[in-house]
Number of protein chains: 2
Amino acid sequence: MQSDGRNRAVIESVKPELDSGRWPIKRVLGERVTVTADIFSDGHDLLSAVLRHRHKGSPHWTEIAMEPLGNDRWRGQFGVHALGRYEYTICAWVDHFKTWHRDLKRRIEAGQPLEVEMEIGARLIERCAERAEGHPADQMLAWSQALRSEMPVGEKVDLVMDSYLLMMLARHPDRSLGSTYDRTLEVVVDPPRARFSAWYELFPRSAAPEPGRHGTFRDVEARLPAIARMGFDVLYLPPIHPIGRKERKGPNNTLTPGPDDPGSPWAIGGPEGGHKAIHPELGTAEDFQRLVENAREQGIEVALDIAFQCSPDHPYVREHPEWFQHRPDGSVQYAENPPKKYQDIYPFDFQCAAWRELWEELYSIFEHWAGQGVRIFRVDNPHTKPFALWDWIIGRLKQRWPETIFLSEAFTRPRVMYRLAKGGFTQSYTYFAWRNSSHGLREYLTELTRTEVCEFLRPNFWPNTPDILNEYLQHGGRPAFITRLVLAATLGASYGIYGPAYELIENTPREPGSEEYLGSEKFEIRHWDLNRPDSLAPLISQLNRIRRENPALHANERLVFHNSSNDQILCYSKSSEDGANIILVAVNLDPWNTQGSWLGLDGAALGLDDHSRYQVHDQLSQERYNWTGLINYVQLNPYTLPAHVFRLRRHLRSEHDFEYFL
Amino acid sequence: MQSDGRNRAVIESVKPELDSGRWPIKRVLGERVTVTADIFSDGHDLLSAVLRHRHKGSPHWTEIAMEPLGNDRWRGQFGVHALGRYEYTICAWVDHFKTWHRDLKRRIEAGQPLEVEMEIGARLIERCAERAEGHPADQMLAWSQALRSEMPVGEKVDLVMDSYLLMMLARHPDRSLGSTYDRTLEVVVDPPRARFSAWYELFPRSAAPEPGRHGTFRDVEARLPAIARMGFDVLYLPPIHPIGRKERKGPNNTLTPGPDDPGSPWAIGGPEGGHKAIHPELGTAEDFQRLVENAREQGIEVALDIAFQCSPDHPYVREHPEWFQHRPDGSVQYAENPPKKYQDIYPFDFQCAAWRELWEELYSIFEHWAGQGVRIFRVDNPHTKPFALWDWIIGRLKQRWPETIFLSEAFTRPRVMYRLAKGGFTQSYTYFAWRNSSHGLREYLTELTRTEVCEFLRPNFWPNTPDILNEYLQHGGRPAFITRLVLAATLGASYGIYGPAYELIENTPREPGSEEYLGSEKFEIRHWDLNRPDSLAPLISQLNRIRRENPALHANERLVFHNSSNDQILCYSKSSEDGANIILVAVNLDPWNTQGSWLGLDGAALGLDDHSRYQVHDQLSQERYNWTGLINYVQLNPYTLPAHVFRLRRHLRSEHDFEYFL
């Protein structure tokens, strides 16, 4: 028998709720959390329910009344206005006053005698007065006395139908037999950049303005204004640490490097130090801090790459042999994916007995760089380290610096990518680079934005990375680069490119069938001619400006795909939460041929119908078209511009020969 | 930091699992539980997983290996062979031997040196020997020594590829860093009748063979052979308790009964006693027990109606005034649904201070009748009593009598009906009586049989009840009665009728627009001419025989709707679990007109394709049709027989002019 069998309200199927409340959902500052639940009880009594929420650690709950949506489903909403974590749960109770009031109305309609009912009402109000204090209580006692007085019944009815009385009584309900949902759910609240961000990746060592010299943080600093002009707000640097010499890789991943070959920045650690040190040729710790600060002044956050692996020369290998696996022949176990061997990389042995010390040391790496002002980390291959390690590191670091953003660089199976996101990663790389067809993009984006996934995984779309030059880019030339750029920047509230390879349309693979770049910057220093006339930099600037100016593009939840008669033309829209700003995109996925298509727009998503007159205003070309209804035609030539990024302007009025659109 | 950060296996999204494991799923003796889950870890290591299960209370778990289905989804299965509750959960671990073995194969394919690998394998096998005991351990040590010996590498490879070795090693895996799913889930195991049952409801007081006399249990006993002949296996009796006199209702629910009017059996309690007493005119406790035993001998279980409410004359009202609500004028609060009043019924006040004593007393009512041999209870309006009361009563009673079946008579909102089923009701009344269109039936049955609902709610379909004479039956005459009977008996593994009103096609409502019967047995004794030539009894016998003979009709999970070109013809099939028995039903929903339709059969569900030759053998008419492919035509005349209940017979062979079908 339960502790009080009179708790009759049931609260079930609360949404959002991830894995029975094991994981928090994610929001950014200023967003809302809409909570729905099944709330009901036995019998015919009416219920009341509140959504409780608080910033985690606060002793006080704030309560917001929930409203019934019909069929026992209820809804409530709250906003999140501080970084860190919020908690929410639901309370519900059988509301005897509300029930009495509903029944009273039915009795009045049926013309039944009301005397006894008025006494019942008086008692309910009296009990409400006991729960209230001061003036409201006095007032309630007065109402209760009035219901018992000689006053004509009609006047009593007027009294209890008064909305002021009802509102006052609703503030002091009898919740003694109420139920509280048996889980407290959580929301992680991140800074706005966690949701809406444009990333630019570059190799600092290739940043020297003149060829033949190893680039430095100072050179990167000099490039900041150009990056800011392109409109990026995150500058992501591959690992900046000393690079191992033993088993160093030469150009194009060869095993026979020359003495001056710089090696891969991911072969971390040398005599100069490990994960907390800076590669001497890049500059000093002061130079790095200057870069971070200077970038921040220009609206750019520097993101560091954290790759938990060691070159054979890493100090850890000597100082902490217990953190590595040793082969029967006494050698340290290098990274393998049999039959492939990566002898320049030693992975940590996360199953070692000293795992606690290892975890503490790895945490201290994040703490070190956070102490240097870094607030964004791109984590390399997190899926090859224990999930629990990330849960713990991210949770701990965000307690101290709740504004920190972690990007998960995992390209692996869906469950694993989702688990990393649930465990705390703020943003995630995706399969975007391999979704190049209309069907593939629709299906994948629907999964990311229209299912529970959108509560915990924030996609970051990258058309290229130093590891990924996909077939579409290899073969599609400039039109392909523009198409993928527009898709990434408008489908994803967060996206990024690896440059200058991207804006300079670098598209030669190491060999046919490979996704690796020929002459990859991973193994050699490159010099880029940033002033080439065919650079996509101006288009990128334009796209990032469109992104900033249009709130529709700041989130993914309201992404809608529209019908298109031609599969080569993908059409979709995004709207701002208030519906005032709508961006409608049509992209030609065929990088070789002009394609035309009838678009069948989803009127409900756009607030349009078959008779609507509106204007679509291309934010790239500045062309404007006046459209009517939901079926319209577009034609896109990949050699001029393979995409329309329309802003939808509603018809305001017609005057003489002019039409005005908002 | 967690207790051991080296536990790397993740177990998520386990199915079936109801509300995070709060509620058990349901099975009957001999059924299987198929469990699936996402199981994965970081990195590229292989995992192993087992499904653990045990009868609740047993100290020992039985483990069954789970198999990967791809994309990190795994599956395991166990059977339930004892009444009561089973528990199940999942264990998974990173399997280093399995990983080493997979990698070894890749190394062999790539022609890599294997010496060091053989030493690693020897160590893994050595550790396995430490976990094993006796002979297997000795054998493993021998294998491990062989891998270290001078034996040629090729022979060592042969050794570790040996399936006997692999099987032995798999029996002693290293689970020291394994994970166990953090919830233990439960299954309630009921007797087969919980899933497959045919109910017959009758009023014992109308069971006298001659008119004008109050029927008795002895009269009901005399009717048992006829009920058994019709093929029913549950005989459900409305309340058999003394009936109150105060506020007694007269015929047709009138407020002015004559002195001889018997009143409603649901107005429970009089001077002769309450819920544990028997209405004297029905007979004695001995008569009742004789009926129960005699029925059981004929394969019929007697189901009692438990209605937790009191007439004003119930002993509880006098002895336990604290269990009732009192109005300000001192009277006991009668049942109401304002403006409707039910002054012959006093509901219990479940919010009263003495709720614990009330619960104990109500439990003792079930215990009393279970003590008299009753194993099936039909519970009246459970949705107007606290859910927690039912959770507690049913759980407690089934601990002592796990074979007990509870049928929930709730016709209310879906969430409430589902909550009652989750809390323990074995079977549930449904909206079937109000689903008379093709679309309505398909949609509703899909919800009941193709969603999570099928794990906890077992529908029991009733075309009529003493409270429900739907419009379709009122207007559709005999064809409507046949159609609804066929639908109930073939769509539902459990169904029931209220007779003899049903088989005698009683269809006059009290007034137009009402679902109440004119001259309802709820308020008066009726005399039925059971030998009327138009009785549906022979058809009912035939349908129940078809149900028994065809395992396809014993469950609901494999219900499939097929396309039909005419909405008036509903077509569906059910298959036995092994697929050997398939019943294909086509029903004309139009009780007035002959209807024909092209059926578009779902080949996958039936194991047929466009070229299949097969026979459909109508189990009602005994007609046989030889069909080819998936598109076939049927025509049904409501005035002969509005339904085909085909058994599908596969083509065996052709010989001379004959074709043989299985």
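Structure: above.
A brief look at the structure comes next. This is a predicted model, so every value here is computed, not measured. (Residues numbered from 1 in each chain as written. Chains lettered and ligands numbered in written order. Predicted model: local features only at pLDDT ≥ 70, side-chain atom pairs only at ≥ 80, totals over all residues. Heavy atoms only, no water.)

Another point: the overall build of chain A. Per the secondary structure count, chain A includes 15 helices and 31 strands. Considered along the principal axes of its C-alpha atoms, chain A spans approximately 105 × 75 × 45 Å. Only carbon and sulfur atoms are counted for the fraction: they give 49% of the accessible area of chain A, which is about 26300 Å². Computed over 76 positive and 90 negative side-chain charges, the inter-centroid distance for chain A is 0 Å. (Helix = DSSP H or I, 4+ residues; strand = E, 2+ residues; numbered from the N terminus. Areas by Shrake-Rupley, 256 points an atom, 1.4 Å probe, with all protein chains shown as cover. Lys, Arg positive; Asp, Glu negative; His and termini not counted. Charge placed at Lys NZ, Arg CZ, Asp CG, Glu CD.)

Moving on to the interface of chain A and chain B. The parts lose accessible area when they come together, and the size of an interface is often stated as this lost area. Facing 64 residues of chain A, the contacting portion of chain B comprises 64 residues. Buried surface at the junction of chain A and chain B, both sides included, amounts to about 5800 Å², of which 52% is carbon and sulfur. The interface formed by chain A and chain B includes ten salt bridges. Between R327 of chain B and E117 of chain A there is a salt bridge whose closest N-O contact spans 3.6 Å. (Contact = heavy atoms within 4.5 Å. Buried area = accessible area lost by both parts, 1.4 Å probe. Salt bridge = Lys/Arg side-chain N within 4 Å of Asp/Glu carboxyl O.)

Turning our eyes to something else, we now look at the sheet that holds strand β19 (residues 405-409) of chain A. All names here are of chain A. Across the sheet, which stays open at both edges, the eight strands sit in the order β20-β19-β18-β13-β12-β11-β22-β21 with parallel pairing between neighbours. Two strands bound the open sheet, and with one partner strand each, they are β20 (427-428) and β21 (460-461). Where strand β11 (residues 197-201) meets strand β22 (residues 494-498), five bridges bridge the pair, whose relative direction is parallel. From the neighbouring strand, E201 faces β22, where its bridge partner is Y498. Together, β12 (234-237) and β13 (301-306) form the strand contacts of helix α7 (residues 285-297), whose direction differs from that of β13 by roughly 135°. (Pairing = 2+ DSSP bridges. Axes fitted to C-alpha atoms, helices over the stretch in contact; angles between N-to-C directions.)

Our focus in this paragraph is the relation of the copies chain A and chain B. At an RMSD of 0.1 Å, chain A and chain B line up after a rotation of 180° and a shift of 0.0 Å along the axis. This pairing of chains is accounted for by a two-fold axis. No C-alpha of chain A approaches the rotation axis more nearly than that of S20 of chain A, which lies at 2.9 Å. Here 100% of the contact residues of chain A are again contact residues in chain B; the copies associate through an equivalent surface. (Least-squares fit on C-alpha atoms with pLDDT ≥ 70 in both.)

All names here are of chain A. Taken N-terminus to C-terminus, the directions of helix α13 (residues 471-491) and helix α14 (residues 537-549) make an angle of 20°; their axes are 11 Å apart at the nearest point. By the angle between their axes, α13 is roughly parallel relative to α14. Remark: the crossing between α13 and α14 carries right-handed chirality. Residues I482, L485, V486 and A489 of α13 touch α14, and the partners they reach there are L539, I540, L543 and R547. Here the contact of α13 with α14 is built from residues that sort into seven nonpolar, no polar and one charged. (Parallel < 35°, antiparallel > 145°, perpendicular 65-115°, else oblique. Left-handed = near helix turned anticlockwise from the far one by under 90°. Nonpolar A, V, L, I, M, F, W, Y, C, P; charged D, E, K, R; others polar.)

Bringing the environment of R378 of chain A into the picture now. Residue and element names in this part refer to chain A. Summarising the element assignment, R378 is placed in strand β18 (residues 376-380). Residue classification places R378 among the buried positions, given a relative accessible area of 3%. Residues R378 and S149, 229 residues apart in the sequence, show an inter-C-alpha distance of 73 Å. Setting aside residues no more than four positions away along its own chain, R378 makes contact with W199, Y236, W266, L304, D305, I306, L407, E409 and Y429. Polar side-chain contacts of R378 include one of 2.9 Å to the side chain of D305. Only 2.8 Å separates the side chain of R378 from the side chain of D380, close enough to count as a polar contact. (Buried < 20%, exposed > 50% of the residue type's maximum accessible area, 1.4 Å probe, protein only. Polar contact = N/O pair within 3.5 Å; in protein donor to acceptor, adjacent residues only side chain to side chain.)

We now examine the pattern of salt bridges. Residue and element names in this part refer to chain B. Going through the model one piece at a time under the given rule, you end up with 98 salt bridges over all chains. For E119, the salt bridge identified is with R123, shortest N-O distance 3.0 Å. Taken together, the residues E119 and R123, both in helix α2 (residues 115-131) and four residues apart, mark about one turn of the helix. Under the relative-accessibility criterion, R123 is labelled partly exposed at 34%. For R400, the salt bridge is made with E367, and the minimal N-O distance between the two is 3.2 Å. Placement of R400 in helix α10 (residues 387-400) and of E367 in helix α9 (residues 355-371) is noted, with a sequence separation of 33 residues between them. On the accessibility criterion, R400 (53% relative accessible area) is exposed.

Quick look at helix α4 (residues 153-160) of chain B now. Residue and element names in this part refer to chain B. K156, V157, L159 and V160 are the residues of α4 that are buried. For α4, the arc enclosing every buried residue in end-on projection is 160°, short of the 170-degree limit, so these residues lie on one face. Looking at the buried residues of α4, the elements they touch are α1 (96-109), α2, α3 (134-148) and α5 (163-170). (Arc of directions from axis to C-beta.)

Residue and element names in this part refer to chain A. The grouping of W598, I631 and Y633 at the surface amounts to a nonpolar patch, some 340 Å² of accessible area in total. Counting through the fold element by element, Y633 comes out in strand β29 (residues 631-636). On the basis of relative accessible area, Y633 is assigned to the partly exposed category, the value being 39%. (Patch = residues over 30% accessible without salt bridge, like charges linked within 9 Å, V, L, I, M, F, W, Y side chains within 5 Å.)

All right, on to the sheet that holds strand β22 (residues 494-498) of chain B then. All names here are of chain B. Taken together, eight strands build an open sheet; the order of strands is β20-β19-β18-β13-β12-β11-β22-β21 and the sheet is parallel. Two strands in the sheet have a free side with no partner beyond their single neighbour: β20 (427-428) and β21 (460-461). Inspection of the sheet shows strand β19 (residues 405-409) paired to β20 by two bridges, in the parallel sense. Bridged to S408 within β20 is S428. Contacts from helix α14 (residues 537-549) reach β11 (197-201) and β22, with the element oriented near 165° to β22.

Note on placement: N337 of chain B falls in strand β15 (residues 335-337). Residues contacting N337 of chain B, with those up to four places away along its chain left out, are R106 of chain A together with Y342 of chain B.

This brings us to unusual backbone geometry. With an omega of 5°, the peptide bond running from P338 of chain A to P339 of chain A counts as cis. Of note, P339 of chain A is situated in the loop between β15 (335-337) and β16 (340-342). Although it is not a glycine, D19 of chain B sits at a positive phi angle of roughly 45°. Within the element layout of this structure, D19 of chain B appears in the loop between β1 (10-15) and β2 (25-28). For D19 of chain B, a relative accessible area of 23% corresponds to the partly exposed category.

This part is about the side chain of R27 of chain B. Residue and element names in this part refer to chain B. In this structure, R27 sits in strand β2. One polar contact links the side chain of R27 to the main-chain carbonyl oxygen of R32, over a distance of 2.8 Å. Ignoring any residue separated from it by four or fewer positions in sequence, one finds R27 in contact with P16, R32, V33, V80, V187, V188, V189, D190, E455 and R458.

So, about the pairing of strand β28 (residues 624-628) of chain A. All names here are of chain A. Here five bridges tie strand β27 (residues 613-618) to β28, and the two strands are oriented antiparallel to one another. Its bridge partner lying in β28, Q615 is registered against N626. Two successive antiparallel strands, β27 and β28, enclose a turn made up of five residues, where Q622 displays a positive phi of approximately 65°.

This part is about the state of the cysteines. Applying the stated criterion across every chain, the model contains zero disulfides over all chains. In this structure C91 of chain A is a free cysteine whose sulfur lies 17 Å from that of C128 of chain A, the closest cysteine sulfur available. (Disulfide = S-S within 2.5 Å.)

The subject of this paragraph is the packing of helix α3 (residues 134-148) of chain A against helix α4 (residues 153-160) of chain A. Residue and element names in this part refer to chain A. Two elements in contact, α3 and α4, have axes whose closest approach is 9 Å; the angle formed by their N-to-C orientations is 155°. When the interaxial angle is binned, α3 and α4 end up roughly antiparallel. Crossing geometry of α3 relative to α4 is assigned as left-handed. Taking contact as the criterion, the partners of W143, A146, L147 and R148 in α3 are, on α4, K156, L159 and V160.

Counted under the stated rule, the structure contains 86 aromatic pairs over all chains. Taking 5.6 Å as the distance between ring centres and 80° as the angle between the ring planes, the aromatic pair formed by Y498 of chain A and Y517 of chain A counts as edge-to-face. Of this pair, Y498 of chain A sits in strand β22 while Y517 of chain A sits in the loop between β22 and α14, placing them 19 residues apart in sequence. Ring geometry for F97 of chain B versus W100 of chain B: centroids 5.5 Å apart, planes at 40°, classification tilted. Pair noted here: F97 of chain B and W100 of chain B are both in helix α1, with a separation of three residues, about one helical turn. Here F97 of chain B matches W100 of chain B in class, with each residue buried. By way of ring pairs, the aromatic residues W199, Y236, F411, Y429, W434 and W462 of chain A are connected into one cluster. When the ring centre of Y363 of chain A is taken as origin, the NZ or CZ atom of R396 of chain A, which lies over that ring, is 4.1 Å away. The side chain of K422 of chain B reaches across the aromatic face of F456 of chain B, ending 5.3 Å from its centre. (Phe/Tyr/Trp six-rings, centres within 6.5 Å; stacked < 30°, edge-to-face > 60°. Lys NZ or Arg CZ within 6 Å of the ring centre and 35° of its normal.)

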